[in-house]
Amino acid sequence: MTTRAGFIALIGEPNAGKSTLTNAMVGAKVSIVTHKVQTTRARIRGVAMAGDSQLVFVDTPGLFKPRRRLDRAMVAAAWGGAADADVIVLLIEAHRGITDGVKTILKGLEDLPKGRTIALAINKIDRVEAPVLLALTKDMNERFNFARTFMISAEKGHGIEDLRDWLAQEVPESPWLYPEDQIADLPLRMIAAEMTREKLTLRLHQELPYQLTVETESWQERKDGSARIDQVIYVARDGHKGILLGHKGETIKAISKAAREELSAFLDRPVHLFLQVKVRENWLEEKERYSEMGLDFRDGNA
């Protein structure tokens, strides 16, 4: 049997649907998905099997104009993921068309080493009429020489199979890189932290989305088959702590319950989740926090 394996980088603007596509390809929730922009921080890898091919998805942070150290490190991680990949898939939203952000990404693609296989995936195709879609496809392919163009809806699953089958043929001949039953190379601790951060982001909306981070401090396997997970939520200011806790602790209780239920479903066993909130004023400037998120602290330098 000839096996194939390779890394596929999904790149695009924030909210283009990269995390949703990763999860659809892998068939399990490995990447945080919210309506907030810029929720994917680390290069989360989901592993999908397609026949005799193993597809390792590098779900990069969305490409946007960086302002802070964390932003710069995230953008560097996204381009780093693209540069290291065997195949790159640029994801754009059908209803938004060619934005300034997309134009910037196209320029970035021109700067990558030649010989890369780069495909275009137009997502959320259910939001536009066919003539708009065809005009967008023509325009994008005139701007860049894509190997293939796919029209998909990551959320509804349309066109996913065609893209997966094509990718299976494009990755190089190679032994598999991960055990067949392994869906992500992220430690479970980090996946657990991402799930809690997703619930925080959904619950708090505009209040403090990027001023917090979650770390799994301890993970204990219990004799009854359940797991005890202790996590710390770091916030940048005292005022943020109050927002997070809510009136009589109601906000943090609701977040804990939602995260616990999702973790239990993901692990297929009972989970006892304990959350603590700590103020850490300069966590956005701490090297260790970047390492936890799989980012390079040095990439955040202006």
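As a reminder, the structure under discussion sits directly above these lines.
Below or above, wherever it landed, is the structure these notes cover. Quick caveat: nothing in here was measured; it's all calculated off a predicted structure. (Residues numbered from 1 in each chain as written. Predicted model: local features only at pLDDT ≥ 70, side-chain atom pairs only at ≥ 80, totals over all residues. Heavy atoms only, no water.)

## A short note on the overall build of the protein chain
- Per the secondary structure count, the protein chain includes nine helices and nine strands.
- Per-residue burial over the protein chain gives 53% buried out of 302 residues.
- Of all intrachain contacts in the protein chain linking residues separated by at least 6 positions in sequence, the fraction that spans at least 24 positions is 71%.
- Total accessible area computed for the protein chain in this model is approximately 14200 Å², and 48% of it derives from carbon and sulfur atoms. (Helix = DSSP H or I, 4+ residues; strand = E, 2+ residues; numbered from the N terminus. Buried < 20%, exposed > 50% of the residue type's maximum accessible area, 1.4 Å probe, protein only. Contact = heavy atoms within 4.5 Å. Areas by Shrake-Rupley, 256 points an atom, 1.4 Å probe, with all protein chains shown as cover.)

## Examining helix α8 (residues 250–267)
- With 18 residues, α8 extends 26 Å between its outermost C-alpha atoms, agreeing within 8% with the 26 Å of an ideal straight helix rising 1.5 Å per residue.
- Those residues of α8 not exposed but buried are Thr-251, Ile-252, Ile-255, Ser-256, Ala-259, Glu-262, Leu-263, Ser-264 and Leu-267.
- Turning to α8, the residues buried within the fold contact α6 (188–204), β7 (212–221), β8 (227–235), α7 (238–245) and β9 (271–279).
- Positioned one or two residues after α8, Asp-268 has a phi angle of 60°, which is positive. (Expected span 1.5 Å × (residues − 1).)

## Considerations on the pattern of salt bridges
- Taken as a whole and judged by the stated rule, the model has 13 salt bridges.
- Between Glu-173 and Arg-4 there is a salt bridge whose closest N-O contact spans 4.0 Å. Here Arg-4 lies in strand β1 (residues 4–12) and Glu-173 lies in the loop between α5 (160–170) and α6, a separation of 169 residues in the sequence.
- The class for Arg-4 is partly exposed, based on a relative accessible area of 22%.
- Note that Glu-262 and Lys-199 form a salt bridge whose closest N and O atoms lie 2.6 Å from each other. Of the two residues, Glu-262 sits in helix α8 while Lys-199 sits in helix α6, which places them 63 residues apart along the sequence. Neither Glu-262 nor Lys-199 differs from the other in exposure class; each is buried.
- Through salt bridges with shared partners, a single network forms among Glu-13, Glu-93, Arg-96 and Lys-124. (Salt bridge = Lys/Arg side-chain N within 4 Å of Asp/Glu carboxyl O.)

## Some words on the sheet that holds β8
- Across the sheet, three strands lie side by side as β7-β8-β9; this open sheet has mixed pairing. The two strands at the open ends of the sheet, each matched to only one other strand, are β7 and β9. Neighbouring strand axes in the sheet, compared pairwise and without regard to direction, differ in orientation by 20° on average.
- Across nine bridges, β7 lies against β8 in antiparallel orientation. Bridge pairing in β8 links Thr-216 to Gln-231.
- The strands touched by α6 within the sheet are β7, β8 and β9, with β7 carrying the most contacts at an inclination of about 135°.
- Seen against the sheet, α7 touches β8 and β9 and runs at an angle of roughly 150° to β9. (Pairing = 2+ DSSP bridges. Axes fitted to C-alpha atoms, helices over the stretch in contact; angles between N-to-C directions.)

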